[in-house]
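The residues making up each chain are set out below.
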Amino acid sequence: MNSQPAPGLDVLLQNARKRAGLTQEQLAGLSTVSVRAIRDLELGKVQHPRRETLKLLANAMRLSDARRVELELAVDTKSAGRVFQDIYGTGLATPPPPLRPLIGRRAELDALTARLRADHERLLTLVGLPGVGKSRLAQEAASVMHTQYGVPVLWVDPADDAERADGAVANPQATVTGWVRALVRNGEEFEELAALIGSKDTLIVLDGYDVSPSVTSRLLSLLRVCERLKILTTTDRPVQLPGGRLLPLAPLAVPTAADLAAEAPGGSLVADRHAVELTLSHVSYMRPDFLPTDSVVTTVAHICRALDGMPQALEAAASWLLLYSPRQLLDIARTSPLILLDGVTPAAPGSEPTLGERLTAAVTGLDPQAAELLRALAELEDPWTVDGAARRRGTSLARTARDVHALLVRGLIRRLPTAAGEPVGFTVLNLVRAVLDAEPTADSAELVAVPAE
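Every value quoted in this text rests on a predicted model; they were computed, and no experiment measured them.

Quick word on helix α22 (residues 430–437)
- By the criterion of burial, α22 is predominantly enclosed, with six of the eight residues buried.
- Every buried residue of α22 is listed here: L431, V432, R433, A434, V435 and L436.
- As for α22, its buried residues are in contact with α16 (311–319), α18 (355–364), α19 (368–378) and β7 (425–428).

If you want it as structure tokens, here you go:
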């Protein structure tokens, strides 16, 4: 999507002067640039002023580095690379600010930031099902690297097209991230990026990119040239990049069947149960009239279990509380969970695929062998083991272990808590079972009737 053309030097200079609270006469006195020259610049009569003039004006208005670059780009976009190299740092490359606190994921965050800080870990991939929170975790890790360790972060989202029809740029950061996007798309701007980053600490985040072999080759070339560069990608589909590290992200932990069967007080279902804590936070926004009584908390805990602790699914489900009680919502989550995935508000026409569509694609897009295995595992009694799955399929333990591991990395199955010394148990996610059971008809997208309480 194209944006409006970037403002020219005249507008930028006039806006900067007004932000500084200066008249043209005051700016002239502080900068030693004549009032007439300033007036001509703001009227657009001077298209190519001397760099020394811009420097004097920028110093007088105490512009930030980013604002100075805006002035430079308004005069000559080809000088961007040279100008950026002089000021490249955390002020020019910042990750998107988190809009909400991160609930849970402390262990995953610590592990990810530790790898990002390690010299030998330079190419990392967060993989997991749609809606599991890969982007949010990457955003938090990028924020930690930026704020605590002073690492410039170039965050690139394929859905955020920063390019402009006229070739202009909105701001310096958009220019640099545009270079990364161009490199990923067709290999352009490699020299610009390599010269900019050089030997400086930098983190590039490619959020939501399916990295093809050609893209991988470009990224590896950039890593070889920029010796202190790190690249973090997030994706729904696991691809082992050469020399890279694959980091699977599972849904949030949910209360066990034993926890729920024990009818424990509601407070004990929240402690160390981040899926319940996250859902209750959404409930408090949607229905502030709901008090977190033991009954409400217990019902929310059951909903979390039915929706596998999938963060985006839990948020979408909470929006249905505008129409249904927690008990009714639980009934839907148990019988038709896919209906809840996209929330009450329908997606805008032409928007990105919904969570339900992405999750369905993640399951139905499996190759036939993986799909057959997944269906077989969904029929096993929980918790099942790799040994049990091998016996059920009549295949070797080594082959079954390899195939189960592939499904585990994709996030389609999850490991269950087991006692020390007991075999590791697994289960197929409830949402995945629902996709396997769903009939591919238009009627499957309609909301089922819920019995009145």
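Still to come is the rest of the account.
So, a nonpolar patch on the surface
- A surface patch of nonpolar side chains, amounting to about 270 Å² of accessible area, comprises L322, L323 and V344.
- Here L322 lies in the loop between α16 and α17 (326–335).
- Classification of L322 as exposed rests on a relative accessible area of 52%.

A look at the nonpolar core
- Judged by nonpolar contacts, the single largest core of 75 residues is most densely connected at L112, L203, L374, L377, W384, L407 and V432.
- Once residues within four sequence positions are removed from consideration, L203 is found in contact with L116, A142, M145, V151, P152, V153, L154, K230, I231 and L232.
- V156, V176, V184 and V215 belong to the second largest nonpolar core, which has 28 residues in total.

What about unusual backbone geometry?
- Of the consecutive residues D382 and P383, the connecting peptide bond is found in the cis state with omega at -10°.
- Phi at R62 takes a positive value of approximately 55°, unusual for a residue other than glycine.
- Within the secondary structure, R62 is located in the loop between α4 (51–61) and α5 (65–75).

So, the pattern of salt bridges
- If you walk through the whole model with that rule in mind, you get 17 salt bridges.
- Taking the shortest distance from any N to any O, the salt bridge between E140 and R136 comes out at 2.8 Å. You can see E140 and its partner R136 sitting in helix α8 (residues 134–149), four residues apart, about one turn around the helix.
- The class of E140 is buried, set by a relative accessible area of 18%.
- For R136, a relative accessible area of 21% translates into the label partly exposed.

Observations concerning the confidence of the model for the protein
- Summing up the model confidence of the protein, the mean pLDDT is 85 and the portion of residues at 70 or higher is 86%.
- The low-confidence segment residues 1–5, where pLDDT is below 50, has eight contacts with residues more than four positions distant or belonging to other chains.
- With pLDDT under 50 throughout, residues 441–448 is counted as low confidence; its partners more than four residues away or in other chains account for nine contacts.

Considering the environment of D387
- Take D387: it is sitting in helix α20 (residues 386–393).
- On the basis of relative accessible area, D387 is assigned to the partly exposed category, the value being 41%.
- With 14 residues separating them along the chain, D387 and A401 place their C-alpha atoms 8.3 Å apart.

Thoughts on the packing of aromatic side chains
- Enumeration over the complete set of coordinates arrives at one aromatic pair.
- Positioned above the aromatic ring of F290 is the side chain of R287, whose terminal nitrogen or guanidinium carbon lies 4.2 Å from the ring centre.

Details of the sheet that holds strand β2 (residues 153–156)
- An order of β2-β3-β4-β1-β5 is seen for the five strands of this open sheet, with the pairing classed as parallel. With partners counted over all chains shown, the strands left at the sheet margins are β2 and β5 (245–248), one partner each. Across the sheet, the mean angle separating the axes of adjacent strands is 15° when strand polarity is ignored.
- Direction of pairing for β2 relative to strand β3 (residues 202–207): parallel, over a ladder of four bridges. Residue pairing for β3: V153 is matched across the bridge by L203.

Cut-offs applied
Residues numbered from 1 in each chain as written. Predicted model: local features only at pLDDT ≥ 70, side-chain atom pairs only at ≥ 80, totals over all residues. Heavy atoms only, no water. Buried < 20%, exposed > 50% of the residue type's maximum accessible area, 1.4 Å probe, protein only. Helix = DSSP H or I, 4+ residues; strand = E, 2+ residues; numbered from the N terminus. Contact = heavy atoms within 4.5 Å. Patch = residues over 30% accessible without salt bridge, like charges linked within 9 Å, V, L, I, M, F, W, Y side chains within 5 Å. Areas by Shrake-Rupley, 256 points an atom, 1.4 Å probe, with all protein chains shown as cover. Salt bridge = Lys/Arg side-chain N within 4 Å of Asp/Glu carboxyl O. Core = buried A, V, L, I, M, F, W, Y, C linked by side-chain atoms within 4.5 Å. pLDDT = per-residue confidence, 0-100. Phe/Tyr/Trp six-rings, centres within 6.5 Å; stacked < 30°, edge-to-face > 60°. Lys NZ or Arg CZ within 6 Å of the ring centre and 35° of its normal. Pairing = 2+ DSSP bridges. Axes fitted to C-alpha atoms, helices over the stretch in contact; angles between N-to-C directions.

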